[in-house]
Amino acid sequence: MRECEVGSYVRSFESADTRQYQNYHYSRTEHAKVKAVESLKTALEVLEAKNPQQAKFLMVLAPQKAKAPKLGQFML
């Protein structure tokens, strides 16, 4: 995955001159990662530590925009 694809799925911290991303091994920001991809790797490591099976695939889904139903579409 590319950096731009991952950035919106991991937690980020804004400071005056930089953006850093959550290191999921730690709850504090002083261990933050510089790249979003590195942050995602730490999230997967934490997930694998909690699960006895190793992750083989990563699927990132963007929610589909909800559309308003057409008038009369759901009439009983």
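This text follows the structure it describes.
Please read these numbers as outputs of a predicted model, since none were measured by experiment.

So, how was this worked out
Residues numbered from 1 in each chain as written. Predicted model: local features only at pLDDT ≥ 70, side-chain atom pairs only at ≥ 80, totals over all residues. Heavy atoms only, no water. Helix = DSSP H or I, 4+ residues; strand = E, 2+ residues; numbered from the N terminus. Buried < 20%, exposed > 50% of the residue type's maximum accessible area, 1.4 Å probe, protein only. Contact = heavy atoms within 4.5 Å. Salt bridge = Lys/Arg side-chain N within 4 Å of Asp/Glu carboxyl O. Polar contact = N/O pair within 3.5 Å; in protein donor to acceptor, adjacent residues only side chain to side chain. Expected span 1.5 Å × (residues − 1). Arc of directions from axis to C-beta.

Undergrad: Would you take a moment to explain the overall build of the protein chain for this structure?
TA: Each helix and strand counted, the protein chain has two helices and two strands in total. Listing every helix and strand of the protein chain by position from the N terminus yields α-β-β-α. Out of the 76 residues in the protein chain, the part that is buried amounts to 14%. In the protein chain, 28% of the contacts between residues at least 6 apart in sequence involve partners at least 24 apart.

Undergrad: Got a minute to help me understand the pattern of salt bridges in this structure?
TA: Opposite charge on two side chains makes pairing possible when the charged atoms of those side chains draw close. According to the stated counting rule, one finds one salt bridge in the structure shown. Where glutamate 14 meets arginine 19, a salt bridge forms, and the shortest distance between an N and an O atom there is 2.6 Å. Given the relative accessible area of 42%, arginine 19 is considered partly exposed.

Undergrad: Sorry if this is basic, but what is going on with the side chain of glutamine 22 here?
TA: As for its placement among the helices and strands, glutamine 22 is situated in the loop between β2 (19–21) and α2 (36–50). Of note is the side chain of glutamine 22, whose polar atom sits 2.6 Å from the backbone oxygen of tyrosine 26.

Undergrad: Help me understand α2 in this model?
TA: Helical geometry: 3.6 residues make up each α-helical turn, so side chains three or four residues apart lie on a common side. Its 15 residues give α2 an end-to-end C-alpha distance of 22 Å, which sits within 8% of 21 Å, the value for a rise of 1.5 Å per residue. Every buried residue of α2 is listed here: Ala36, Ser39, Leu40 and Thr42. Along the axis of α2, the buried positions cluster into a sector of 160 degrees, meaning they face one direction only. Away from the buried face of α2 by more than 90 degrees, exposed residues Lys41 and Ala49 are located. Each element contacted by the buried residues of α2 is listed here: α1 (3–6) and β2.

Undergrad: It is not clear to me how the side chain of asparagine 23 should be interpreted in this structure. Could you clarify?
TA: Inspection of the secondary structure puts asparagine 23 in the loop between β2 and α2. When near neighbours in sequence (up to four residues on either side) are disregarded, asparagine 23 contacts His31, Ala32, Lys33 and Thr42.

Undergrad: Explain the environment of asparagine 23 here, please?
TA: According to the relative accessible area criterion, asparagine 23 is buried, its value standing at 6%. Taking the C-alpha atoms as reference, asparagine 23 lies 7.9 Å from glutamate 38; in sequence the two are 15 residues apart.

Undergrad: Please explain the environment of serine 12 as it appears in this structure.
TA: Relative to the assigned elements, serine 12 resides in strand β1 (residues 12–14). Accessibility expressed as a relative area gives 28% for serine 12, which makes it partly exposed. Once residues within four sequence positions are removed from consideration, serine 12 is found in contact with Arg19, Gln20 and Tyr21.

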